[in-house]
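Coordinate inspection notes
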Amino acid sequence: MGIVGNLNTQQFQSFNSQGFLVMESFASPEEIEAMRKRMDELLQDFDPTTTASIFSTKNQLTSEYFYESAEKISFFFEEKAFDDNRNLKQSKELSINKVGHALHEIDPVFKEFSCSEKVSSLLFSLGYKRPVIIQSMYIFKQPGIGGEVSPHQDNSFLYTEPKTCTGLWLALEDATVVNGCLWAIPESQKNGLVRRFIRGEDGVYFDRPSPSYDQKDFVPIEVKAGSLVVIHGDLIHQSFENQSPNSRHAYSWHVVDTDGCKWAEDNWIKRKVEPEPLYAS
């Protein structure tokens, strides 16, 4: 059968045409269980009184906690997790939006999967020369309160010259239109980057307003647990609120190339890309 991450010609052409590719059964049940169990352990050790940082794609974070998360394992709550008195409405396990952004560097379980042979094989199949993971996050999409992620392009946040960002989104549970699966506009990557997310002296901001999108142009990407969605850096994609009683856990990480590419100094992540790639060619 060969390495799971190797792309055949049809898959490569489909990715370049549509801007995304679904690879079913990319992660084994054992790998999924290991990541979910490890996240349970991280949550058990997390003291929610140490931070009340909320993640929202509509109200961008500017706190040092957010900035420092680029090199740590940090916890961000759902907008709807708190009552009017800033107390959690339910347990911390059902209130967290995501954990990021350096799981792939710090935690051995997530690092092992992120840097596995099948992932490196996939990236080299896509044409990467010296790929480096620049951020990673565990996304919960909590039952009933899992927040919306507005339409965006990954290259907006993780910009290199030339553009090289690819998003890897692994379903740890079945993702459906009911519990907040990904939606994308096929072939939208062919129109290029529409705006950038910049970190300046006064915080982070977009350099121009978001275009208006027709929701009829989006298609749902419903996948089974273990499926990997490969996302072109210029693909417009989003997800809606989870109003169902079921969670939609996912692990997502983003990769850029360091071969002949320059990391933009005004990206929200200020650290420099590692001089040595995490994958061996």
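Preceding this section is the structure that the text describes.
Residues numbered from 1 in each chain as written. Predicted model: local features only at pLDDT ≥ 70, side-chain atom pairs only at ≥ 80, totals over all residues. Heavy atoms only, no water.

**Some words on the sheet that holds strand β8 (residues 182-184)**
What counts is decided by this rule: Here, a strand pair is defined by DSSP locating no fewer than two bridges between the strands. Numbered from the N terminus, helices here are DSSP runs of H or I no shorter than four residues, and strands are runs of E no shorter than two. Here, axes are lines fitted to C-alpha atoms. For helices the fit covers the stretch in contact, and angles between N-to-C directions go from 0 to 180 degrees.
Pairing in this open sheet of 4 strands is antiparallel, and the strands run β5-β13-β8-β11 from one edge to the other. With partners counted over all chains shown, the strands left at the sheet margins are β5 (149-152) and β11 (219-221), one partner each. With strand direction ignored, the average angle separating the axes of adjacent strands in the sheet is 25°. Relative to strand β13 (residues 237-239), β8 runs antiparallel, the two being bridged by 3 bridges. Bridge pairing links A184 to H237 in β13.

**Brief notes about empty space enclosed by the protein**
Picture a little ball the size of a water molecule; that probe, rolled over the atoms, points out where space is still empty. We count it as follows: Buried and open spaces are told apart on a 1 Å grid over the protein atoms alone, a cavity being a set of points where a 1.4 Å probe fits but cannot get out and a pocket being an open set with protein on both sides within 12 Å along at least five of seven lines. Residues with an atom within 4 Å of a point are the lining residues. Grid points are joined across faces, edges and corners, and a volume is the space filled by probe spheres set on the points. Polar here means any residue outside two lists: the nonpolar Ala, Val, Leu, Ile, Met, Phe, Trp, Tyr, Cys and Pro, and the charged Asp, Glu, Lys and Arg; Gly therefore counts as polar.
Overall, the coordinates contain 1 cavity of 30 Å³ or more when judged by the stated rule. Approximately 50 Å³ is the volume found for the largest cavity. Taken together, P151, H152, Q153, S156, V194, R195, S210, P211 and Y213 make up the lining of the largest cavity. Tallied by class, the residues present in the lining of the largest cavity amount to 4 nonpolar, 4 polar and 1 charged.

**Notes on the sheet that holds strand β12 (residues 228-232)**
Put simply, the rule reads: What makes two residues a contact is simply this: any of their non-hydrogen atoms within 4.5 Å.
Overall, antiparallel pairing links the 7 strands, which are arranged β1-β12-β7-β14-β4-β3-β2 in an open sheet. In the strand order of this sheet, the two ends are held by β1 (20-23) and β2 (73-77), each with one partner. In this sheet, neighbouring strand axes are inclined to one another by 20° on average, regardless of whether the strands run parallel or antiparallel. Examined bridge by bridge, strand β3 (residues 96-101) and strand β4 (residues 131-139) share 4 bridges and lie antiparallel to one another. Note on β4: the bridge partner recorded for H101 is S136. With respect to the sheet, helix α6 (residues 117-125) is in contact with β1, β4, β7 (166-171), β12 and β14 (250-257), its orientation differing from that of β7 by roughly 140°.

**Here's the deal with the nonpolar core**
Generally speaking, nonpolar side chains in soluble globular proteins are found buried as a group. Our working definition: We call a set of buried residues a nonpolar core when its members are Ala, Val, Leu, Ile, Met, Phe, Trp, Tyr or Cys and they connect through side-chain atoms within 4.5 Å of each other. Only protein chains enter the accessibility calculation, which uses a 1.4 Å probe; a residue whose area is less than 20% of its type maximum is buried, one above 50% is exposed, and one in between is partly exposed.
Ranked by internal contacts, the top residues of the largest apolar core, which has 38 residues, are M39, L168, L228, V230 and W253. The element best represented in this core is helix α2 (residues 29-45), accounting for 5 residues. Once residues within four sequence positions are removed from consideration, L168 is found in contact with V119, L122, L123, L228, V229, V230, Y251, S252, W253 and V255. Listed in part, the 19 residues of the second largest apolar core include F20, A175, A184 and V223.

**Quick word on α2**
Rules: Expected helix span is given by 1.5 Å per residue-to-residue step, counting one fewer step than there are residues. This arc is taken over the directions from the axis of the helix to the C-beta atoms.
Its 17 residues place the ends of α2 25 Å apart at the C-alpha level, agreeing with the 24 Å of an ideal helix rising 1.5 Å per residue. Every buried residue belonging to α2 is among I32, M35, M39, L42 and L43, and all of these are buried. Down the axis of α2, the sector holding all buried residues measures 100°, keeping them to one side. Opposite the buried face of α2, at more than 90 degrees from it, the exposed residues are P29, E30, K37, Q44 and D45.

**Here's the deal with the pattern of salt bridges**
This is how the line gets drawn: Salt bridges are defined as contacts in which a side-chain nitrogen from Lys or Arg sits within 4 Å of a carboxyl oxygen from Asp or Glu.
As enumerated under the stated definition, the model contains 12 salt bridges in all. Of the charged contacts, one joins D107 and R38 as a salt bridge, the two residues approaching to 2.5 Å between their closest N and O atoms. Of this pair, D107 sits in the loop between α4 (103-106) and α5 (108-114) while R38 sits in helix α2, and the two are 69 residues apart along the sequence. Given the relative accessible area of 1%, D107 is considered buried. Note that K224 is salt-bridged to D174, the shortest N-O span being 3.8 Å. In this pair, K224 is assigned in the loop between β11 and β12 and D174 in the loop between β7 and β8, connecting sequence segments 50 residues apart. You can call K224 exposed: its relative accessible area is 57%. Several salt bridges share partner residues, and in doing so they unite R38, E41 and D107 into one network.

These figures capture arrangement, not role.
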